Structures are given as structure tokens and as C-alpha cells.
Amino acid sequence: MVETRTISLPVTLPRGFDECGRCVGRLHDALLQVPGLEAVDVNLSDSTLTISYDPFQASLEDVRKRADLIGIHLRERFQHKTLTLTGLDCPDCAMKLEKAVCRLRGVVWVSMNFAAGRMSVEYEAEKVDLAAITRRVSEMGYGVADGETRAAQPGRWHVSRQAALTTIAGIALVVALLLGAKGYPAAAKTLYAVALVSGGIYAARGAVFSLRSLVLDMNFLMTAAAIGAAAMGEWFDGAMVMFLFSLGNALEARTVEKARQAVRSLVNLFPTEARVIRDGAEVIVPVAEVKVGEVFVVRPGDKIATDGVVKSGSSTVNQASVTGESAPVEKTVGDRVFAGSINERGALEVTATATADDNTLAKILHLVEGAQAEKAPSQRFTERFGRNYTPIVIGLAAAVAVIPPLLFGAPFHSSVYMALTLLVVSCPCALVISTPVTIVSAIGNAARNGVMIKGGSHLEAAGGVQVVAFDKTGTITTGRSSVTDVLADEGFSEDEALALAASVESRSEHPLAQAVLREASARGLALREVQDFEALTGMGAAAKFEGETAVVGNTRLMEQLDIDFSRWSDKLAELQGQGKTAILVAHGRRLAGVVALQDTLRESAKEAIAQLRRVGMQRLVMITGDNEAAAKAVAAELGIDEYHAELLPKDKVDVVRSLIDRFGGRVAFVGDGVNDAPALAAATVGIAMGAAGSDTALETADIALMADDLSKLPYTIRLSRKALRTVKQNIGFALIVIGVLISASLLGHLTLSLGVLGHEGSALLVIANGMRMIRFR
């Protein structure tokens, strides 16, 4: 059954929204794309948004993000908290815990990720507080880690005690079998009881908690089956049920904990102390106390305390923990460094640009934690299947226990035994765990290799990508162009034309502007003071000095301003034919000259394109605002299938959408995450490259390649495809096992012991298969 809730949210509407019927329709259509959202109503008079949703699928964060895309902002009303849980070693129990917390008054959304051992919850602080949520978790028999130290190693004591009790149960069971074979039934029965109790302590404890919360879970079913078997005199089956269930849980807890540790190991990258220069002396302080603007010292072998810029010194820095780059990177004055990187040979003085809570490593950890909480479409399917399927099976088991004895005179003992077996084997633990353990393992693998995948849905979407569209400048090429030609028009010298261009570009952040400035600096040219600088998107830039406007840009800008450049047409065509980018410079109404620049391909570009071919990409496309000739030259050199040149940002979005229409919505766009934000958002999967240190890229993209390394792209596609195949294998295997076990139990060919063995064994196999993603290379 789907549980539907309705809440009203205060929103901030853009000016004129209440007079725009089409805008309301766009909001309505956009929000209904959020999985689990069933109805949307906008009240313009009091600026409220009323939604009906399934709290086990729809997150308010998803609603908030979707509304933000069209300019609607949800005002803060709810608190969001992610808790690390201890003692959680059963996927079915995780679902029941999610349901129990979600029933609390004031809780609007809960997302339980068993594989990560984390629970994300959104709640209304006026109706429920965090203490009440924690109490509910405790009532269900689990704990909440109270800090990073405990979070890194949750439930270890719980696991060791359970392992000890499981060992006792196993020994008692073996001895009981031997005694029974030697003709000592009373002693054997006593040891069977010892095995049942020692193996079933944790299950019985969990059953009591589930009964108190009116949420029946696997602990209850297994305890009921064991007690029922013992009551019918089947002591061996009862003891074996508890032993196998306890053994399965202990093994599941241990194996899943390995997947959790793969991601939690990111916490170990955080430095704990920093050598800060205060009042002329070095002082060792906790990293949390380092303030923006303070200078700290990094000695050889030290971890860099937080993000910063090198003030003095030079060294090589191993920043693999952040960017995934295998080789150390040279750092000198003015270069950026990242928290958690390891300084190798030289001493550095670094000016902090971020606090410990806001540096790149902290953001990466935050993104990974958020990715763990987000449920992939396949996980939503398995959990929805489990919620609808479990009540049906319980009803079927009740019918098996009651109907044959009442209507057909079947032995009550055998009918109840069959019903107990059916309850045990039908629990969808393997199905529930089939997706999250794979997703968490894959996301952890990616994070350790410098790739941030922001959720299971994006991982699965990347696994289905058949078309990759690239931005050119800064993605396929280094984005670090150099000036190759400076040509002056009549009345200007080359240096004057270049100085004029550099003066305007001094206020610009565009890569071409930086190339012009580097060339002007190399020639020792003095720049003029400009005013009223304006970036003209897709065309160039303008500024004022000496009472007139100076512009730097492409031919479209000159045509728009009616500046004659006809005498340069042949030369422009020649430069463009060489794959160069020509920018025109004008002062007032006069053309001052032409500056030609050329970008260089990334060293990894050719190999990355070749690898994408090998993984079977249907189409590789390049999208650029650069001129036709430059785009053609780059596409030909790399063997790219098609290119689109001279595009404005909005035109790039149109191209991405047309590719989605042509190839059935399986398109990834790779850009820098800053200038390409609209295209990244429009693609099925938006991938930002070189995202380390870029807040915009980390926020905009679905997947972020932390280093400027295109070779990470084929790796990401292969990882995603492997994860998607593994999820499908696990779901298919789990469904087949459930079907076989249920059929065998209904036909009377399955004992309780074999049923538990099949149930626990299938869960362990699914977990082991998913955990292979940790070792994926």
C-alpha cells in the first residue's frame, strides 16, 4: 500500500509569477516529475505550495531543487538531519525502522540506506525534535552514533558479541547432533535449547522492539518460526533456524561494514592539526580553529590543513585524495592547494581560503553522504515491491496455516510448519539489499578515484548513456590558449592593439582573456584603467575609457555594433582555417586590430575519446561557441562524430535537447560546470570537469570529475555500467530465489532449516556481488 501525505509549504514567488498562468503550469509539470509526488497545488494568494506525496519515495530536497530550477524558492520550515546508525545488520529491519520513524508526528520524509548505515530525515521542529527521533530509533533496538569517531566504526562491539553468541549456538548445535546420534535425546534437546537461545537473543530482542512499534520485521518472523518449531517438538529445526539466522546476520553485518568503511575512509583523510603563524610564531592548533586569511605552515610529509593559496615556497603535492591524480603536482607561489593533500618534499606557507567545515574535502564528504542517502530508481522499485509484497505473503501464510486443516482435514502440525517456512523464506531481504550495497560500493570507489557521483539515480543514468557531448574550451582543450598573431589596423601599432584588448579583458574571467593578458605582460605593455566593464555573453566584452567604448569580441559583435571589418575577411578566414580563434579589437567606431589565439588539446583527450569508442558509445559530439573552422579542426584531429560551432549558451541547451530527442534521453554533457550550467542541467547526466575548488561545478553537476583529466570519464562510464549490470543481476537473482523458495515451501519440499539457509545465503551472495564494485578498476 502507498502511504500518501499532504503538506503545505511556504514559497517565495518571482515577481509577476501570479500573473503568469503558463508559469504556474510549468511549476506544476516540473514538480510532478519528482518520483513519489502525486499532486501539486499552488495558492498564489498566500504563496503556498501544497503537495501530496509518498514519504518513502519523495524527498522535500528533491522538490526544493526542482522548484529552484524555475525560480521558485521553498522557505525554510523543516529541519534536515542525517544520522549514522549502529547495530543495523538486517536490510528488512532497515525498511521497518524507516517506516517506524516516518510514522512520528512531524516527520515528513525519511530515507534509510542500509548499505551506508545512515538515515536521512526531514522533520517539522515545532512538532517533533531530534531527541524524539533518536528515541524511536532506540525503541527499535538500534543506536545513533554521537560523533565522527563512533561513526567511523559503528556497532563493532555489537558485531563481536553477536559473533560470540553465534559461535556458542553453532557448537551447541553440533554437540546436540552428536549426542542425539549416540542415543542421548534429553541432553540433545537441552543443547538444542541452548543453541536456540544463544543464537536467537538478538533476534528475540529485535522482535520485542518491532512488536512495541507495531512494525513486524524479519526478527519477529524468525523468532516466531523458531518458537513455533520448538512448540511442535521440532527442536533441531528451531535451533538451526536461530543459528543460521544469527550466522547470516553476523556475516551480512561484517561484509556490509566493509562497504561502509570504503566510504567512511574519507574521514581519515582529514588533518587534525595545523601549524598557524600567529604573532610571528608557529602555533599548533586544531584544524577547526584555522580562519580564512590566516597563514599556516606545511612541512614535508604533512597533510595540508585546509584549502588555500601558496604564499611562499615550492614543493610537490600528492592530491590524489581529492582529485584522483596519480602523480604529484608541482606547487609554487600563487597555486591553489586542497585540504587533505600531502606535501612531499618542500616546506610551504599557505594562506587559508576556507575553513575546515567549508573546504573542498569537507564538501566532497558532504556530497558522498548526500549521495548515499539518495535512492536510485531500482532501489525505489525494490522497496515499493517489498512494501506491497510482504502483506500479501503474510496473508498467504495465514491461509496456509488455517485453510487446509479446516476445509480439507490436513494435519494442523504440518500446515503450521509449512506456514512458518513460508514466512521465513518469503522475506525480501536479498531483494531489498540488492541495490543499495552496489550503489554505495560504486560511489565509494569513484570518490577514492577523484569522481564525485551525487547519487544512485545519477550512477544508473550514467550507466545508460549512449551519447557524450563535450564542450570544447577547457574540456577537450586545456582552455589555456596562447596568442599566435597580433595584427594592427591602420592608425594602430600591434602593441597598441594588444594593449587595448588587454585593458578590456583585464576585468574578464574568460580563458581567452587570460591568454591576452599573459601576452601583454610578456611584452611589457602598460594597461589602461577602464570603467563600466560588461561581459557580452557569447560575443565578447566591452568597457569605457577616454570617453569612448572599447570592445573585444567576435564578428557577430562587430556586426551588431556596425563596425566595418570587411578588409580583414580573407585574413580572418585564413586564421580560422588554421584552427585559430580570432578576436577583433575596436575603440569607438574604429577597428584597432585582430588578435589570434590557439588552444591546445588535453594530453588525455585522444585516449579518452578512443576509450569511449571501445565502451561502445553511439555518438561523440562537440559543442562550442568557437568558430566553425577551429571546431572542425579539433573534431577532425580527435575523430569526433559531429560538432556544433558558434553557439551561445542557450544554443548549447537546444543542441543537448535535440540529442536527447534523437537518442532517447541517454545523453551526457561534459563541461566546466560554470559557463555550461544550463547545458549540464539539460542533459540526462551533467558531468563537470576540474571541479576541485569550484563550488559552482560541485553544485551544478550530477557527476564531478575533480581533476582536469578526461581519462576519468571512460572510467566513470565503465563503473556506472558495471554497477547497473550488477544491480540487475542482484534483483533478478533475488526474485528467482524468492520464487523458488516460496514454491518449494508451498509444495512441502522445504524444511525450516533449508528455508533459512536459502534466505540468508541469497542475501550474502547479493551483498558479495555488490561489494565487487569496491575493487573495480
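Fair warning: this is a prediction, and the values are worked out from it, not measured in the lab.

How each quantity is defined
Residue numbers run consecutively from 1 along every chain, following the written order of its sequence. Residue-level local features of this predicted model are given only where pLDDT is at least 70; pairs of side-chain atoms are given and counted only at 80 or more, and the full residue set underlies all totals for whole chains, interfaces and linings. Derived side-chain values reflect all non-hydrogen atoms in the structure, with water molecules and hydrogen atoms excluded from consideration. Only DSSP runs of H or I covering at least 4 residues are called helices, and only runs of E covering at least 2 are called strands; the numbering of each starts at the N terminus. Residues count as neighbours in contact if any of their non-hydrogen atoms are within 4.5 Å of one another. Computed by Shrake-Rupley with a 1.4 Å probe, the accessible areas treat only the displayed protein chains as cover when residues are assessed. The axes used here are C-alpha line fits, helices contributing only the stretch in contact, and every angle between their N-to-C directions lies in the interval 0 to 180 degrees. With respect to orientation, any angle under 35 degrees is reported as roughly parallel, any angle over 145 as roughly antiparallel, any angle of 65 to 115 as roughly perpendicular, and every other angle as oblique. Two helices that cross are described as forming a left-handed crossing if the nearer one is turned anticlockwise from the farther one by less than a right angle, and a right-handed crossing if clockwise. Amino acid classes used here: Ala, Val, Leu, Ile, Met, Phe, Trp, Tyr, Cys and Pro are nonpolar; Asp, Glu, Lys and Arg are charged; the rest, including Gly, are polar. Expected helix span is given by 1.5 Å per residue-to-residue step, counting one fewer step than there are residues. Each residue is placed in one exposure class: buried if its accessible area under a 1.4 Å probe, protein chains only, is under 20% of its type's maximum, exposed if it is over 50%, and partly exposed if it falls in between. Strands are treated as partners if at least two bridges between them are detected by DSSP. In what follows, salt bridge is the name for a side-chain nitrogen of Lys or Arg lying within 4 Å of a carboxyl oxygen of Asp or Glu.

A closer look at the overall build of the protein
Across its full length, the protein carries 28 helices and 30 strands. Long-range contacts, defined here as pairs at least 24 residues apart, represent 68% of the contacts in the protein between residues at least 6 apart. Here the protein displays about 32500 Å² of accessible surface, and carbon together with sulfur accounts for 55% of that area.

Looking at unusual backbone geometry
Notably, aspartate 532 is not glycine yet its phi reads approximately 55 degrees, a positive angle. Along the polypeptide, aspartate 532 turns up in strand E21 (residues 531–536). With a phi close to 60 degrees, aspartate 562 is a non-glycine residue in the positive phi region. Within the secondary structure layout, aspartate 562 lies in the loop between helix H20 (555–560) and helix H21 (569–577).

Some words on the packing of helix H18 (residues 494–505) against helix H19 (residues 511–522)
With their axes 9 Å apart at the nearest point, H18 and H19 run at an angle of 130 degrees to one another. One element, H18, and the other, H19, form an angle in the oblique class. Here H18 runs over H19; the crossing is left-handed. Between H18 and H19, the residues in contact are Leu498, Ala501, Ala502 and Glu505 and Ala513, Val516, Leu517, Glu519 and Ala520, respectively. The residue makeup of the contact of H18 with H19, split by class, is seven nonpolar, no polar and two charged.

So, helix H13 (residues 412–426)
In this model, H13 (15 residues) spans 21 Å end to end at C-alpha, consistent with the 21 Å of a helix rising 1.5 Å per residue. For H13, the tally of buried residues reaches eleven of 15 residues, placing the bulk of the element in the interior. Among all positions in H13, only Ser415, Val416, Tyr417, Ala419, Leu420, Thr421, Leu422, Leu423, Val424, Val425 and Ser426 are buried.

Side note on the sheet that holds strand E11 (residues 295–298)
Across the sheet, six strands lie side by side as E10-E9-E11-E17-E12-E15; this open sheet has antiparallel pairing. Both outer strands of the open sheet, strand E10 (281–286) and strand E15 (336–337), are each paired with one neighbouring strand and no more. Note: strand E9 (residues 273–278) against E10, six bridges, orientation antiparallel. Each residue of the ladder has a partner; that of glutamate 273, found in E10, is proline 286.

Quick word on the side chain of lysine 472
Inspection of the secondary structure assignment puts lysine 472 in helix H17 (residues 472–476). Look past the residues within four positions of lysine 472 in its chain and what remains in contact with it is Thr477, Met622, Ile623, Thr624, Asp626 and Val634.

Describing the pattern of salt bridges
Going through the model one piece at a time under the given rule, you end up with 19 salt bridges. Residue arginine 275 pairs with glutamate 282 through a salt bridge whose shortest N-O separation is 3.6 Å. A salt bridge links arginine 613 to aspartate 641; the shortest N-O distance between them is 2.9 Å. Placement of arginine 613 in helix H22 (residues 605–614) and of aspartate 641 in the loop between helix H23 (628–638) and strand E27 (642–644) is noted, with a sequence separation of 28 residues between them.

Some remarks on the pairing of strand E23 (residues 548–553)
Summarising the sheet, strand E22 (residues 540–545) and E23 pair through six bridges and their orientation is antiparallel. Paired with alanine 542 across the strands is valine 551, a residue of E23. The turn linking E22 back onto E23 is made up of two residues, and glutamate 546 within it adopts a positive phi angle of 55 degrees. For E23 and strand E24 (residues 581–587), the ladder comprises four bridges, and the chain directions are antiparallel. Bridge pairing links valine 552 to valine 585 in E24.

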